[in-house]
Amino acid sequence: VDEKLYGVTRLPDLSALLDSFESDWSGFVHRLTNMRKAILNANRDGMLLDITGDGVVLDGAMESAKVFLMDRLPLDVGKKPPPTPDFRSVPHPWIDAARKDMNAKDAVQDEG
């Protein structure tokens, strides 16, 4: 997963993304708007806020992060959020594509 998100194999995807931003800015804005709607209309049960920093920074940020998540994000924009799936009992929507991509880019052979 780390390689897919942050590794060298991610560079062609990021290059293509940059090209699409430069050639179709309105399409990029449309995608961001759709992401915002998905966040605001989603169930917050599985929501994470990833904060990185040393202990002092994190201690100082915790109260602001709590206020942001609990009070600043709109809670209701007119749609009932879908329930958060339990991915221990149902397949995650990314698994099939991730396995196919992993096998295509780095098929591991059984040595023994």
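Quick look at the structure, then. Note that the structure is predicted; figures quoted are calculated from it, not measured.

In terms of regular secondary structure, the protein is built from 5 helices and 0 strands. Ordering the α and β elements of the protein from the N terminus gives α-α-α-α-α. For the protein, the residues scored as buried account for 5% of the 112 residues in total. Taking the intrachain contacts of the protein between residues at least 6 apart in sequence as the baseline, contacts between residues at least 24 apart amount to 60%. In the structure as shown, the protein presents an accessible area of about 10100 Å², 60% of it carried by carbon and sulfur atoms.

Take helix α4 (residues 55-72) next. Look at α4: 24 Å from first C-alpha to last across 18 residues, which is about the 26 Å you get at 1.5 Å a residue. Of all bends in α4, the biggest is about 35 degrees, found at Ala61. Across the 18 residues that make up α4, only a small minority, 1, are buried.

We now examine the environment of Ala98. Structurally, Ala98 is set in helix α5 (residues 95-105). Here Ala98 falls in the partly exposed class, since its relative accessible area comes to 34%. Between the C-alpha atoms of Ala98 and Lys4, which are 94 residues apart in sequence, the distance is 8.8 Å.

With that out of the way, let us pick up the pattern of salt bridges. Note on pairing: side chains with opposite charge can pair once their charged atoms come close. In the structure shown here, the tally under the stated rule is 2 salt bridges. Put simply, Asp13 and Arg10 hold a salt bridge, and the shortest N to O gap is 3.6 Å. Overall, Asp13 belongs to the partly exposed group, its relative accessible area being 31%. When its relative accessible area of 24% is taken as the criterion, Arg10 is described as partly exposed. Of the charged contacts in the structure, one is a salt bridge between Asp86 and Arg88, with a shortest N-O distance of 3.0 Å.

About the criteria used
- Residues numbered from 1 in each chain as written.
- Predicted model: local features only at pLDDT ≥ 70, side-chain atom pairs only at ≥ 80, totals over all residues.
- Heavy atoms only, no water.
- Helix = DSSP H or I, 4+ residues; strand = E, 2+ residues; numbered from the N terminus.
- Buried < 20%, exposed > 50% of the residue type's maximum accessible area, 1.4 Å probe, protein only.
- Contact = heavy atoms within 4.5 Å.
- Areas by Shrake-Rupley, 256 points an atom, 1.4 Å probe, with all protein chains shown as cover.
- Expected span 1.5 Å × (residues − 1).
- Bend = angle between axes of the 7 residues up to and from the residue.
- Salt bridge = Lys/Arg side-chain N within 4 Å of Asp/Glu carboxyl O.

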